[in-house]
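Structural characterization, general
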Amino acid sequence: MAQHFLTNHSPRLVELAGPPGAGKSATRRALIARSHAGNGTIWGLPVLSLLLNGVELIPTFIPMWREARSPLWEETRHMVRLRTLQRAQQRGGSERNGVIFDEGPVFALARLRGFGHPIMRSESSGPWWRATLHEWAGLVDMVVVLDAPDGVLAERIRSRLDDHEVKQASDPEIAAWMARFRQALDWVLARLALENGMTVLRLDSSSDTPEQLAEQALAGLDRSVYAG
């Protein structure tokens, strides 16, 4: 049973990834209802922990700031969140029944790779990427990638109340944004999988309900347990 995986397998960290509009939040809620796992997020981490980890990372930031000629505020914040969340998971911060992330470490890494300052795609940031990917590869058990055709995603983004940077964009602009995001996500997933053979399950969310997607994800978790 997938609940057995989430309860007994350590570190029990699963992330739902994919472009906006793919149904990650609704599927996460359905998964949590079925598995009794905890809800993980990279947002809202303790302020003191963020400050302490930010100070610790200053030697990493300074060469990047100098080369970029910019304080890289958005990139720096994501890097601090990643370090803070990673430390919390290493200390055993996972819920007893595991944690399911929607916007978690994979999301943050993909955002940095695809939409961060160009320095995040240069060799200057290579040491940080290698160390961070290595650390997270030892913590993430499985990534469930939800996706749908660009037209479906565009319609969902425009119809929901939540704002998004491409909500008012044209269809071609949305398609270009989605392609950029998918390329960055695939880059991150490939390198995490190289580190520890992490399972990646890809599901088409264009027609299935969140409940159906949750059942497919749980079945994939079962298979990953017994295959390993």
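Below, the structure is looked at part by part.

What counts, and where the lines are drawn
Residues numbered from 1 in each chain as written. Predicted model: local features only at pLDDT ≥ 70, side-chain atom pairs only at ≥ 80, totals over all residues. Heavy atoms only, no water. Buried < 20%, exposed > 50% of the residue type's maximum accessible area, 1.4 Å probe, protein only. Helix = DSSP H or I, 4+ residues; strand = E, 2+ residues; numbered from the N terminus. Pairing = 2+ DSSP bridges. Patch = residues over 30% accessible without salt bridge, like charges linked within 9 Å, V, L, I, M, F, W, Y side chains within 5 Å. Areas by Shrake-Rupley, 256 points an atom, 1.4 Å probe, with all protein chains shown as cover. Salt bridge = Lys/Arg side-chain N within 4 Å of Asp/Glu carboxyl O. 1 Å grid on protein atoms, 1.4 Å probe; cavity = no way out; pocket = protein on both sides within 12 Å on 5 of 7 lines; lining within 4 Å. Points joined across faces, edges and corners; volume = space filled by probe spheres on them. Nonpolar A, V, L, I, M, F, W, Y, C, P; charged D, E, K, R; others polar. Phe/Tyr/Trp six-rings, centres within 6.5 Å; stacked < 30°, edge-to-face > 60°. Lys NZ or Arg CZ within 6 Å of the ring centre and 35° of its normal.

1. Topic: the pairing of strand β1 (residues 13-17)
Summarising burial for β1: five of the five residues are buried, a large majority. Of the two faces of β1, the one holding L13, E15 and A17 and the one holding V14 and L16 are both buried throughout. As paired strands, β1 and strand β3 (residues 99-101) are joined by three bridges and run parallel to one another. Bridge pairing in β3 links L13 to V99. Pairing analysis gives four bridges linking β1 to strand β4 (residues 142-147), with the strands arranged parallel. Looking across to β4, one finds that E15 is bridged to V143.

2. Brief notes about a nonpolar patch on the surface
A grouping of V55, I58 and I62 is seen on the molecular surface, where their side chains present a nonpolar patch of about 220 Å² in accessible area. Positionally, V55 belongs in helix α3 (residues 47-56). The class of V55 is exposed, set by a relative accessible area of 55%.

3. Focus: the layout of surface pockets
Considering only enclosed or pocket space, the largest pocket measures out at about 730 Å³ in volume. Among the secondary structure elements, those contributing two or more residues to the lining of the largest pocket are α2 (24-35), α5 (73-90), α6 (105-115), α9 (171-196) and α10 (210-227). No other element matches α2, which puts five residues into the lining of the largest pocket. When its residues are assigned to classes, the lining of the largest pocket shows eleven nonpolar, ten polar and 13 charged.

4. With respect to the packing of aromatic side chains
For the structure on display, the rule yields six aromatic pairs. Relative to F107, the ring of W43 lies with its centre 6.2 Å away and its plane at 65°, an arrangement referred to as edge-to-face. One end of the pair, W43, is in the loop between β2 (38-40) and α3; the other, F107, is in helix α6, with 64 residues separating them in the sequence. On the accessibility criterion, F107 (18% relative accessible area) is buried. Each residue in the set F115, W177 and F181 is aromatic and connected to the rest through ring pairs, giving one cluster. The ring of W129 carries R113 above its face, with NZ or CZ at 5.8 Å from the centroid. R113 extends its terminal NZ or CZ atom over the ring of W187, reaching a point 3.7 Å from the ring centre.

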